Amino acid sequence: MEKVLCIEDLERKLEQFQIILTNSDNVKKDILELTEQMVEMVANYKKTQIDFQLICNHLNTTLFVTDDRGYVCYVNPSYEERTGLKKEYILGKTIFELQKENVIQCDVIPRMLKEEKPINAIGYVVSTDYRGFVAGIPVKDENGKLRYAITTDWDVMSIMEMENRLKQLQKERFLIVQMKPDQCQYILLMRRKFYILVM
C-alpha cells in the first residue's frame, strides 16, 4: 500500500477513481478496492500531519479565525475564557453579524478582509466589558488569495495594570536611590514592598 506524502497524492487517487467509474466493466470491485486504498491513504496522511488545532487549543494566547467571507470558523479556549464568548454562539456567524448584534465592537477583521493586510486596533466585547489590543493577520494561499483572517489579542486592562505597577516601582526605586544614608535607618523588604523607616 502506498503512503500519502501530500494532498496531491490523494487528488491523483481521486482522479484514478473517476477514470475507473467511467471506463471499468467491473466497477463495484474496483470502487471497493480504490475506496479502501483511499481510506488507508487518508489515515496515513493524518498520522504524518501536525495537529495544529490541538496546539492552538493549548495556547494561552487568544485566536479568532474567520474565512475570507468573515464567517467565524475557529476560536480557541483562551479566546472563550478571556472574552466570555462561547464558541457555540459565534461559530458559523459572520463578524458582520456579531457587530450588528453588538456582541463585538472591533473593525480589525472587516478591514483585513477589505484591505488584505495586517491591522491592529482596540477591540471590545460588549457583554463582558473586555477590551483588548487586537492584532490581525491575513492568511493567503500560494496564489496570493486571502483564505483566512486571524486575530489574537492582549488584555488592555492587564497591560495598563502592569504599566501602572511598573511606574509605581520606578517611582519607589527613584525615591530610595535619592535618599541619603543619614535620612533613613532601615529599608525593609516585606511581601515584595519596600518600607522605609525614617528615624
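Just so it is clear, the structure is predicted and the values come from calculations on it, not from any experiment. (Residues numbered from 1 in each chain as written. Predicted model: local features only at pLDDT ≥ 70, side-chain atom pairs only at ≥ 80, totals over all residues. Heavy atoms only, no water.)

### Some words on the pairing of strand 1 (residues 64-67)
And then number 1: Every second residue of strand 1 is oriented toward a common face, with Phe-64 and Thr-66 on one face and Val-65 and Asp-67 on the other, all of them buried.
And then number 2: Two elements, strand 1 and strand 2 (residues 72-75), share three bridges in a ladder whose sense is antiparallel. Residue Phe-64 lies in a different strand from strand 2, and its bridge partner there is Val-75.
And then number 3: Counting the residues between successive antiparallel strands, the hairpin from strand 1 to strand 2 contains four residues, one of them, Gly-70, with a positive phi of roughly 95°. (Buried < 20%, exposed > 50% of the residue type's maximum accessible area, 1.4 Å probe, protein only. Helix = DSSP H or I, 4+ residues; strand = E, 2+ residues; numbered from the N terminus. Pairing = 2+ DSSP bridges.)

### Re the sheet that holds strand 2
Paired through their backbone hydrogen bonds, the strands of a sheet run either parallel or antiparallel.
And then number 1: Across the sheet, six strands lie side by side as 2-1-6-5-4-3; this open sheet has antiparallel pairing. Of all the strands in the sheet, the pair left with one neighbour each is strand 2 and strand 3 (104-105).
And then number 2: Direction of pairing for strand 1 relative to strand 6 (residues 146-155): antiparallel, over a ladder of four bridges. Along strand 6, the bridge assignment pairs Asp-67 with Tyr-148.
And then number 3: Of the strands in this sheet, strand 1, strand 4 (119-125), strand 5 (130-140) and strand 6 are in contact with helix 7 (residues 108-115), which crosses strand 6 at around 150°. (Contact = heavy atoms within 4.5 Å. Axes fitted to C-alpha atoms, helices over the stretch in contact; angles between N-to-C directions.)

### Examining the environment of Ala-135
And then number 1: Following the sequence through the fold, Ala-135 ends up in strand 5.
And then number 2: Spatially, the C-alpha atoms of Ala-135 and Ile-122 are 8.7 Å apart, while their sequence positions differ by 13 residues.
And then number 3: Among all residues touching Ala-135, those that are not within four sequence positions of it are Ile-119, Asn-120, Ile-150, Thr-151, Thr-152 and Trp-154.

### Thoughts on the pattern of salt bridges
For side chains of opposite charge, pairing can occur when their charged atoms come near one another.
And then number 1: Applying the stated criterion to the full structure yields eight salt bridges.
And then number 2: Here Arg-82 and Asp-153 are joined by a salt bridge, their closest N and O atoms 3.8 Å apart. With Arg-82 in helix 4 (residues 77-83) and Asp-153 in strand 6, the pair connects residues that are 71 residues apart, well separated along the chain.
And then number 3: Among the residues examined, Arg-82 registers a relative accessible area of 29% and is labelled partly exposed.
And then number 4: Its salt-bridge partner being Glu-163, residue Lys-167 comes within 3.6 Å of it at the nearest N-O pair. (Salt bridge = Lys/Arg side-chain N within 4 Å of Asp/Glu carboxyl O.)

### Here's the deal with the side chain of Asp-153
And then number 1: Overall, Asp-153 belongs to the buried group, its relative accessible area being 6%.
And then number 2: Polar side-chain contacts of Asp-153 include one of 2.8 Å to the side chain of Thr-62.
And then number 3: Leave out the neighbours within four places in its chain, and Asp-153 touches Thr-62, Tyr-79, Arg-82, Tyr-130, Phe-133 and Val-134. (Polar contact = N/O pair within 3.5 Å; in protein donor to acceptor, adjacent residues only side chain to side chain.)

### Describing the packing of aromatic side chains
And then number 1: Considering all chains together, one arrives at one aromatic pair under this definition.
And then number 2: A centroid spacing of 5.2 Å and a plane angle of 50° characterise the contact between Phe-64 and Tyr-79, whose relative ring orientation is tilted. Taken together, the residues span a long stretch of sequence, with Phe-64 in strand 1 and Tyr-79 in helix 4 at a distance of 15 residues. For the pair shown, Phe-64 and Tyr-79 are each scored as buried.
And then number 3: The aromatic ring of Tyr-89 is capped on one face by Lys-93, whose charged end is 3.7 Å from the ring centroid. (Phe/Tyr/Trp six-rings, centres within 6.5 Å; stacked < 30°, edge-to-face > 60°. Lys NZ or Arg CZ within 6 Å of the ring centre and 35° of its normal.)

### Brief notes about the nonpolar core
A general trend in soluble globular proteins is that nonpolar side chains are found buried together.
And then number 1: Judged by nonpolar contacts, the single largest core of 22 residues is most densely connected at Phe-64, Tyr-79, Ile-90, Leu-98, Ile-104, Val-108 and Ile-109.
And then number 2: Among the elements of the structure, strand 2, helix 6 (95-100), helix 7, strand 4, strand 5 and strand 6 are those that each provide at least two residues to this core.
And then number 3: In terms of residues, this core owes the most to one element, helix 7, which gives four residues.
And then number 4: Apart from residues no more than four positions distant in its own chain, Phe-64 is found in contact with Val-72, Tyr-74, Val-75, Tyr-79, Ile-90, Ile-95, Leu-98, Ile-104, Ile-109, Ala-149, Ile-150 and Thr-151. (Core = buried A, V, L, I, M, F, W, Y, C linked by side-chain atoms within 4.5 Å.)

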